[in-house]
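One-letter residues, chain by chain:
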Amino acid sequence: MESEPQPRLTDVDRRIWGEELDAFVPERIFDVHTHVYRWQFSGENDSGPLYDLLGNRFPVADWQRLDRCDAVLMPGRRVSRLAFGFPFPNCDFEAANRFVAGEAAKDPASAGLALVHPRLAEEDFERQLRDLKLIGLKPYRCYAAGGDPVACRIGDMLPDWQTALAERHGLIVMLHLARRDAIADPQNIADLERLAARHPHVKWILAHCARSYSAWPIERVAARLRGLPNVWFDTSSVCESDAIEALLAAVGPDRVMYGSDDLPVGVLRGKYIAFGYAWAYLSPDNQSLDLSHCNGQMTFTRYEQLRAMRRACQRLGLPRSQVEDIFCNTALRLIEAVRRGAR
Ligand SMILES: [Zn+2]
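Since we're looking at a predicted model, the values are computed, not measured.

Thresholds, definitions, all that
Residues numbered from 1 in each chain as written. Predicted model: local features only at pLDDT ≥ 70, side-chain atom pairs only at ≥ 80, totals over all residues. Heavy atoms only, no water. Buried < 20%, exposed > 50% of the residue type's maximum accessible area, 1.4 Å probe, protein only. Helix = DSSP H or I, 4+ residues; strand = E, 2+ residues; numbered from the N terminus. Pairing = 2+ DSSP bridges. Core = buried A, V, L, I, M, F, W, Y, C linked by side-chain atoms within 4.5 Å. Contact = heavy atoms within 4.5 Å. Right-handed = clockwise from strand over helix to strand, strands pointing away.

**Regarding the pairing of strand β1 (residues 28–35)**
- With eight of eight residues buried, β1 is to be regarded as a mostly interior element.
- In this sheet, strand β4 (residues 78–84) lies alongside β1 in parallel orientation, the contact comprising six bridges. Across the sheet, the residue bridging to His35 is Phe84, located in β4.

If you want it as structure tokens, here you go:
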């Protein structure tokens, strides 16, 4: 039997939502970073490292379950989504993309992206994309040509023909950068500048604040990011307010969008923390900190992210209309532009 990813609220969750988040999170939400999948597309058996989290605890991320999670974590909000598969290393891409398309079609405002790898057959893929009405591509570092998910460059994840296809149709490319310094890596920022200039109709979205879980990578390339008009950013799973503030200050609020990284990251209890030039996920199960001096309970990653977004917006004095743009209107406009084939 499939287990249900039904998050339950603790007193700590209720207090954080009530005291900090309820008045901040707008009524209308567009989540631009949603994973929709079935474990059966993973190509994994039940003894691998992904099994416990994705096979056992969250084996299905369909529209109904996502709606249910959002209703528990952000009650009363109306949520649309930009959805794509979970990047299982041995994924059945065709089945995964068909499932995403079917689920995203349940809400007319929502849309789906195709999970892609560099060795896809070009002709089949273009047809699949059209048939499924998917509006963009989601490459990922574990599929990179050369087989190095840590050091790979954008072009290793996204071959020229896929970028050209995205340019021809004005599609979104949702990019999770690799390399240790992420967007501050000299090759990454140079590659992005070159690709964005050569493919002005591609709508690039850099996931996880350009994979900056702290402020320094964004600050290091702020002026260069500001100069890239066809690049957007999502805030999914970034929990440090400094990082989100640095991004908003660098590129302005008009190109920053809310994303949840659910399922399952947002509903897990824990927080992405930054230190030195590193970041890591801290959870109840992966540390043995002595927390006897305080209330040591952890809340959802999503609540930590929303707290960080709130503090960043407050510190920058953003008006309510800009908060609503970040949570919904910018994404609606972007997706509408892709659907119109706007050039
Ligand atoms: Zn993700």
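There's plenty left to go through after this.
**What about the nonpolar core?**
- Formed by 116 residues in total, the largest nonpolar core has its most connected members in Leu82 and Leu225.
- Ranked by the residues each element gives to this core, the list is headed by helix α14 (residues 320–340), at eight residues.
- Excluding its chain neighbours within four sequence positions, the residues that come into contact with Leu82 are Phe30, Asp31, Val32, His33, Thr34, Ala111, Gly112, Leu113, Ile135, Ile172, Ile205 and Ile335.

**Quick look at the pairing of strand β10 (residues 231–234)**
- Alternating positions in β10 separate into two faces, Val231 and Phe233 on one and Trp232 and Asp234 on the other, with burial throughout.
- Strand direction decides the pairing type here: strand β9 (residues 203–206) and β10, joined by three bridges, are parallel. Directly across from Trp204, in β10, lies its bridge partner Val231.
- Taken together, the two bridges between β10 and strand β11 (residues 256–257) define a ladder with parallel strand orientation. What sits directly across from Asp234, in β11, is Met257.
- Taken together, β10, helix α12 (residues 241–251) and β11 form a β-α-β motif whose crossover is right-handed.

**Some details on α12**
- Within α12, eight of the 11 residues are buried, leaving the element largely enclosed by the surrounding structure.
- Following α12 by one or two positions, Gly252 has its phi on the positive side, about 85°.

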